[in-house]
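The residues making up each chain are set out below.
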Amino acid sequence: MENSVRIKVGLASCGIAAGGLDVLEKVEAFLKEHDVKAQLEHTGCIGMCYAEVLMEIEDDEFGSTMYGYLNAVDIEDILTAHLIEKKPLTEHIVVSDKFGGKEKEILDYQTRIVLRNCGVINPESIDEYIERGGYEALQKVIKDMSPVDVIDEIKESGLRGRGGAGFPTGLKWQFAYNNYADKKYVICNADEGDPGAFMDRSVLEGDPHEVLEGMLIAAYAIGSDTGFIYCRAEYPLAVKRLRIAIEKAKEKGFIGKNILGSDFDFDLTVYEGAGAFVCGEETALMKSIEGKRGMPTLRPPYPAESGLWGKPTNINNVETYSNVAWIIRNGAKKYADFGTEKSKGTKVFALTGKIKNGGLVEVPMGMTLRDVIYKVGGGIIDNRKFKAVQLGGPSGGCIPESLLDTPVDYDSLTKTGAIMGSGGMVVMDDTTCMVDMARFFLNFTQDESCGKCTFCRIGTKRMLEILNRITQGKGEKGDIEKLEDLSKKIIKGSLCGLGQTAPNPVLTTIKYFRDEYEAHINDKTCPAGACKDLVKYEILEDKCIGCGACKRACLVDAISGEKKEVHTINQDICIKCGACMTACKFDAVIKS
Amino acid sequence: MVESDFDKIDVVLREFEGRKGALIPILQNTQAQLGFLSKEALEYISEKTKIPVSEIYGVATFYTQFRLHPIGKNIIRICHGTACHVANAPKISEALYEELKVEPGGTTKDLKFTVEEVACLGCCSLAPVIMVNDKAYGRLTPDKIKDILAQY
Ligand SMILES: Cc1cc2nc3c(=O)[nH]c(=O)nc-3n(C[C@H](O)[C@H](O)[C@H](O)COP(=O)(O)O)c2cc1C
Ligand code: SF4
Ligand code: SF4
Ligand code: SF4
Ligand code: FES
Ligand code: FES
């Protein structure tokens, strides 16, 4: 066989943002100019987003070689060395069969079920998905399994919903199956509301067929012929890839009438959200598909009984569906080998914040937070001190260092006051202020409250006002108690999960970082040096050489001083952006 | 609105004719065509679809994606997701607002830029991130803002 070379460039949203398209263009030009035969492909997120732009070369000589931290300007040299001189430039390699690579360990700690194709296949090619076992599970289900068999298999696997609450998926399907109706719906929740999380986006962009196959199997199991994918408005690339995937699946006869010769019909539509966090809540989401304002409604009735247009509906998260085909193909038992007693399988996390190897990771349930952060994530940027890790976004909480050995499973995480959530994991160091974090999340939920319940609408606003005051140095004795009291009332008086969980970020930070609240309130200081109103930028007379760099960096002209003379900051004008501190090469600007 | 704008809305309406619950996609597509949803456009949609104007306004104001005012030539979206917040996004916004002399959500006097704050653009590992039209700029510091704006 002829020497075959495949070159893959990571073109998920963040690959593109990091300059992936420029790299792709350079590779194309190179291949043309040097008349090298190679298959050039796009792939999705491989998970090493911190090392973007990423390019993988697969060939006979070296197997798979992944290059990282690329710039369009590096491409010429790397390709010449690899393809022509056959002497790869190892300093650009991040993971490789032959050369190890500095990042190999990170992948070794992971278990890839949901992400097994992400960054490996071209998401726009259904053939590559099929090559890797895709749609085998669908065939198996249609040929050899009854709906009840499928439901039993999913139940046995122990799969729980990955959208946040962790409800057992098999049981949910069972409920929808049990309700007889002339019409049933299957919905995929791809609203991914947690700000700062991108697991679902990466899966949709990197392996859309995996989601479709899971939905098809769910539809077969509950007896539905119509599905919707409700995708977040900010994910245009995911929407595009899903639409392509649906078209291709239709051509192959996996979606449509009489699928694979059976009497199972299924039609699937992608529906774009319109930017409302509350629409991630299942009842609001269905209202939105119906074309109405996305306001949650009281449950029961649950969607399995009366969902979209009043019909029985099964709604699951993207990642939940992404586990299904693997379970059917490999068996529930094998799936249940991963994880803990009550949390089976793996969980995908978007690891971000002050972490060295930020990106997308998939780990077996039960791994400790410490291992996720230090082994998989490589630890804290600049080796600073770890302070907290936030899970579950606006519904979740901050977990302190003392609880880092908590295993990642639904029940252990809930015990800390945080939640598993959908997979956002934001790492914070000693420069992050915990009161400010609480304020940040409350600002978000307050803004996103649909306004239906008084406590959620007004209560979050009151809490935000208090937190704003505290971070501005105007906190008063009794504020902490007021926050706790309001929290209780909001949890009790809210109809949907948004309100019921909104106080969590505040409660967990009070629980674990009460001293920081007290420092703001009693001493009017921010220990992390993050709260703008409590810090001041100043220029040290003895260090300033009058180079003027800070003056040029300052957008509001707050800095004055003649060349070669000591500069000063006018505190009345300064907006505390810190640009001067970054600009000064002589450590003359300090924050106090 | 000019004649051709009505034609554009007609095309959108035809595409969704007879589909259940199509109001949101109709508004999305109209906005994509016209840049924003004017009073006239909403009234026209109401007339054609027989959905009461009040209901259309209710939906258009509920979802943050819909704009009821004209926008600038370039849209700047500043990420205020968690990862970007932790990476100092507020300083980026302040620098931007200061430089453009606008308020959050506002449009510059010369109609060149509209600035919106959004929650997570999905490139958290490059935080803090802003997006100008379709191009994302990551790993920002306040001092880079001037240079970026100068490109537009
Ligand atoms: C305010 C709010 C926002 C939510 N956002 C999402 C979301 O973005 N994605 C998601 O899958 N589930 C979200 N959920 C959970 C859904 O209501 C629902 O439980 C989930 O889609 C069920 O799927 P699962 O069983 O597969 O987890 C949200 C819930 C609430 C209360
Ligand atoms: S809890 Fe908040 S978001 Fe949920 S229905 Fe009530 S007001 Fe709306
Ligand atoms: S950049 Fe530093 S050394 Fe230069 S003028 Fe400013 S404070 Fe002084
Ligand atoms: S902190 Fe920002 S606004 Fe204040 S002096 Fe420095 S550069 Fe200017
Ligand atoms: S988006 Fe590129 S590796 Fe994650
Ligand atoms: S938090 Fe800013 S891109 Fe995700």
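These figures come from a predicted structure and were not determined experimentally.

Caption draft 1: How the structure looks around the overall build of chain B. In terms of helices and strands, chain B carries seven helices and four strands. Reading the helices (α) and strands (β) of chain B from amino to carboxyl end gives α-α-α-α-β-α-α-β-β-β-α. Referenced to the eigenvectors of the C-alpha coordinate spread, the extents of chain B come out at roughly 50 × 30 × 25 Å. Taking the contacts inside chain B whose residues are at least 6 apart along the sequence as the reference set, 59% of them involve residues at least 24 apart. Element-wise, carbon and sulfur atoms account for 51% of the exposed surface of chain B, whose accessible area totals about 7,200 Å². Taken together, the 18 basic and 20 acidic charged side chains of chain B have centroids lying 5 Å from each other.

Caption draft 2: Structural context of the nonpolar core. In this structure, Tyr135(A), Val150(A), Trp173(A), Leu212(A), Ile217(A) and Ile328(A) are the most contacted members of the largest nonpolar core, which totals 85 residues. In terms of residue count, helix H10 (residues 208-222) of chain A provides more of this core than any other element does, 10 residues in total. One finds Phe277(A), Leu285(A), Val12(B) and Leu27(B) within the second-largest nonpolar core, a separate group that totals 43 residues.

Caption draft 3: Quick look at helix H6 (residues 136-144) of chain A. Residues and elements named next belong to chain A. Of the residues making up H6, those classed as buried are Ala137, Leu138, Val141 and Ile142. Down the axis of H6, the buried side of the element spans an arc of 130°, and every buried residue falls inside it. Those residues of H6 that are exposed and angled more than 90 degrees off the buried face are Lys143 and Asp144. Of the surrounding secondary structure, the elements contacted by the buried residues of H6 are helix H7 (147-157), H10 and helix H13 (318-330).

Caption draft 4: Expanded view of a positive patch on the surface. Residue and element names in this part refer to chain A. On the surface, Lys551, Arg552, Lys563 and Lys564 cluster together into a patch of positive charge. Inspection of the secondary structure assignment puts Lys551 in helix H22 (residues 549-553). With relative accessibility at 36%, the residue Lys551 sits in the partly exposed group.

Caption draft 5: Focus on the packing of helix H8 (residues 169-178) of chain A against H10(A). Residue and element names in this part refer to chain A. Two numbers describe how H8 lies on H10: the axes approach to 8 Å, and their chain directions differ by 45°. Judged on the interaxial angle alone, H10 and H8 are oblique. Across from Trp173, Ala176 and Tyr177 in H8, the residues of H10 making contact are Gly214, Ile217, Ala218, Ala221 and Ile222. Here the contact of H8 with H10 is built from residues that sort into seven nonpolar, one polar and no charged.

Caption draft 6: Expanded view of unusual backbone geometry. Of note, the amide linkage connecting Pro300(A) to Pro301(A) takes the cis form, showing an omega dihedral of 5°. Mapped onto the secondary structure, Pro301(A) falls in the loop between helix H12 (282-289) and strand E9 (313-317). In this chain, Ala127(B) is followed by Pro128(B) through a cis amide linkage whose omega measures -5°. Mapped onto the elements, Pro128(B) comes out in the loop between strand E2 (113-118) and strand E3 (130-132). A positive phi is found at Asn258(A), a non-glycine position, where the angle reads about 45°. Positive phi, normally seen in glycine, also occurs at Lys524(A), with a value near 55°. Assignment of secondary structure puts Lys524(A) in the loop between helix H21 (504-523) and strand E15 (537-539). Lys524(A) gets classed as partly exposed once you look at its relative accessible area, which sits at 34%.

Caption draft 7: Looking closely at the packing of aromatic side chains. If you walk through the whole model with that rule in mind, you get 19 aromatic pairs over all chains. Relative to Tyr271(A), the ring of Tyr230(A) lies with its centre 5.8 Å away and its plane at 10°, an arrangement referred to as stacked. With Tyr230(A) in strand E7 (residues 226-231) and Tyr271(A) in strand E8 (residues 267-272), this pair connects stretches of sequence that are 41 residues apart. On the basis of relative accessible area, Tyr230(A) is assigned to the buried category, the value being 1%. Residue classification places Tyr271(A) among the buried positions, given a relative accessible area of 4%. Ring geometry for Phe62(B) against Tyr63(B): centres 4.9 Å apart, planes inclined by 80°, an arrangement best described as edge-to-face. What makes Tyr63(B) buried here is its relative accessible area of 1%. Connected via pairs of aromatic rings, a cluster forms that spans Tyr129(A), Tyr135(A) and Phe254(A). Lys347(A) extends its terminal NZ or CZ atom over the ring of Phe349(A), reaching a point 5.7 Å from the ring centre. Across the ring face of Tyr137(B), the terminal group of Lys135(B) is positioned such that the distance to the ring centre comes to 5.3 Å.

Caption draft 8: Structural detail: the pattern of salt bridges. All names here are of chain A. Counted under the stated rule, the structure contains 43 salt bridges over all chains. Between Arg370 and Asp405 there is a salt bridge whose closest N-O contact spans 2.9 Å. Here Asp405 lies in the loop between strand E13 (397-400) and helix H16 (410-415) and Arg370 lies in helix H15 (residues 369-376), a separation of 35 residues in the sequence. Of the residues examined, Arg370 reaches a relative accessible area of 30% and is grouped as partly exposed. Here Asp405 falls in the partly exposed class, since its relative accessible area comes to 48%.

Caption draft 9: Structural detail: the side chain of Asp207(A). Tracing the backbone shows Asp207(A) in the loop between helix H9 (199-206) and H10. Despite being buried, Asp207(A) has no salt bridge partner; Arg116(A) is the closest side chain of opposite charge, sitting 5.6 Å away.

Caption draft 10: Representation of the site of ligand 4 within the structure. Around ligand 4 sit 13 residues, and of these Cys554(A), Cys574(A), Cys577(A), Gly578(A) and Cys580(A) come closest. Residue composition of the shell around ligand 4, by class: 11 nonpolar, one polar and one charged.

Caption draft 11: Expanded view of the site of ligand 3. Residues in close proximity to ligand 3 total 13 residues, the closest being Cys544(A), Cys547(A), Gly548(A), Cys550(A) and Cys584(A). When the residues that make up the shell around ligand 3 are grouped by side-chain class, the tally is 10 nonpolar, three polar and no charged.

Caption draft 12: Representation of the interface of chain A and chain B within the structure. Facing 57 residues of chain A, the contacting portion of chain B comprises 37 residues. Carbon and sulfur atoms supply 61% of the area that chain A and chain B bury against each other, a total of about 3,800 Å² over both sides. It is Ala274(A), Arg293(A) and Leu555(A) that lose the most area in chain A upon contact with chain B, and together they represent 17% of the buried surface on that side. Here Glu94(B) ties to Lys532(A) by a salt bridge, and the two come within 2.9 Å at their closest N and O atoms. At the surface where chain A touches chain B, the tally comes to 16 residue pairs in polar contact (both at pLDDT 80 or more). With six residues, helix H17 (residues 434-448) of chain A is the largest single contributor of residues to the side of chain A that touches chain B. Taken together, the residues of the side of chain A that touches chain B break down into 32 nonpolar, 12 polar and 13 charged.

Caption draft 13: Inspection of the domain arrangement of chain A at higher detail. Residues and elements named next belong to chain A. Domain annotation of chain A identifies domain 1 (2-108), domain 2 (126-336), domain 3 (346-429), domain 4 (434-523) and domain 5 (536-591). Here domain 2 and domain 4 have C-alpha centroids that lie 35 Å from each other. Opposite the 10 residues of domain 2 that make contact, domain 4 presents seven residues. Between domain 2 and domain 4, a total of about 870 Å² is buried, with carbon and sulfur atoms accounting for 80% of that surface. Considering only the surface of domain 2 that becomes buried against domain 4, Pro195, Phe277 and Pro296 emerge as the three largest contributors, covering 52% of it. At the boundary of domain 2 with domain 4, the tally comes to zero salt bridges. In this structure, the connection of domain 2 to domain 4 is made through two residue pairs in polar contact (both at pLDDT 80 or more).

Reading the values: rules and limits
Counting of residues starts from 1 at the beginning of each chain's written sequence and follows it residue by residue. Chain labels run from A onward and ligand labels from 1 onward, assigned in the order the entries are written. Confidence filtering applies because this is a predicted model: local features only for residues at pLDDT of at least 70, side-chain atom pairs given and counted only at 80 or more, and all residues used for totals across whole chains, interfaces and linings. The side-chain quantities take in all heavy atoms of the structure and omit both hydrogens and water. Under the DSSP-based scheme used, a helix requires at least four consecutive residues in state H or I and a strand at least two consecutive residues in state E, with every element numbered from the N terminus. In what follows, residue pairs with any heavy atoms lying within 4.5 Å of each other are defined as contacts. We get accessible surface area from the Shrake-Rupley algorithm with a probe of 1.4 Å; when it comes to residues, only the shown protein chains can shield them. For this count, His and the chain ends are skipped, Lys and Arg are scored as positive, and Asp and Glu as negative. A charge is said to be at NZ when it belongs to Lys, at CZ for Arg, at CG for Asp and at CD for Glu. Among buried residues, the Ala, Val, Leu, Ile, Met, Phe, Trp, Tyr and Cys ones that are joined through side-chain atoms within 4.5 Å form a nonpolar core. Using a 1.4 Å probe on the protein chains alone, a residue whose accessible area is under 20% of its type maximum counts as buried, one over 50% counts as exposed, and one in between counts as partly exposed. Note: the arc covers the axis-to-C-beta directions of the helix. Grouping into patches uses exposed residues only, defined as over 30% relative accessible area, and leaves out salt-bridged ones; the cut-off is 9 Å for like charges and 5 Å for nonpolar side chains (Val, Leu, Ile, Met, Phe, Trp, Tyr). The rule for a salt bridge is simple: a side-chain nitrogen of Lys or Arg has to be within 4 Å of a carboxyl oxygen of Asp or Glu. Interaxial angles span 0 to 180 degrees and are taken between N-to-C directions of axes, which are lines fitted to C-alpha atoms, for helices over the stretch in contact. Roughly parallel means an angle under 35 degrees; roughly antiparallel means over 145; roughly perpendicular covers 65 to 115; every other angle is labelled oblique. Note on residue categories: nonpolar means Ala, Val, Leu, Ile, Met, Phe, Trp, Tyr, Cys or Pro, charged means Asp, Glu, Lys or Arg, and polar means any other residue, Gly included. Pairing of aromatic side chains requires ring centres within 6.5 Å, counting the rings of Phe and Tyr and the six-membered ring of Trp. Pairs whose planes differ by under 30 degrees are stacked, by over 60 edge-to-face, and all others tilted. Remark: a charge is flagged as sitting over a ring if the NZ atom of Lys or the CZ atom of Arg is within 6 Å of the ring centre and within 35 degrees of the ring normal. Proximity criterion: a residue is near a molecule or strand once any of its heavy atoms comes within 4 Å of it. Simply put, the buried area is the total loss of 1.4 Å probe accessible area from both parts when two parts are fitted together. Polar contact criterion, stated in full: a pair of N or O atoms within 3.5 Å, where within protein one must be able to donate a hydrogen and the other to accept it, and residues adjacent in sequence count only if both atoms are side-chain atoms. Start and end positions for the domains come from either an automated domain assignment or a database one.

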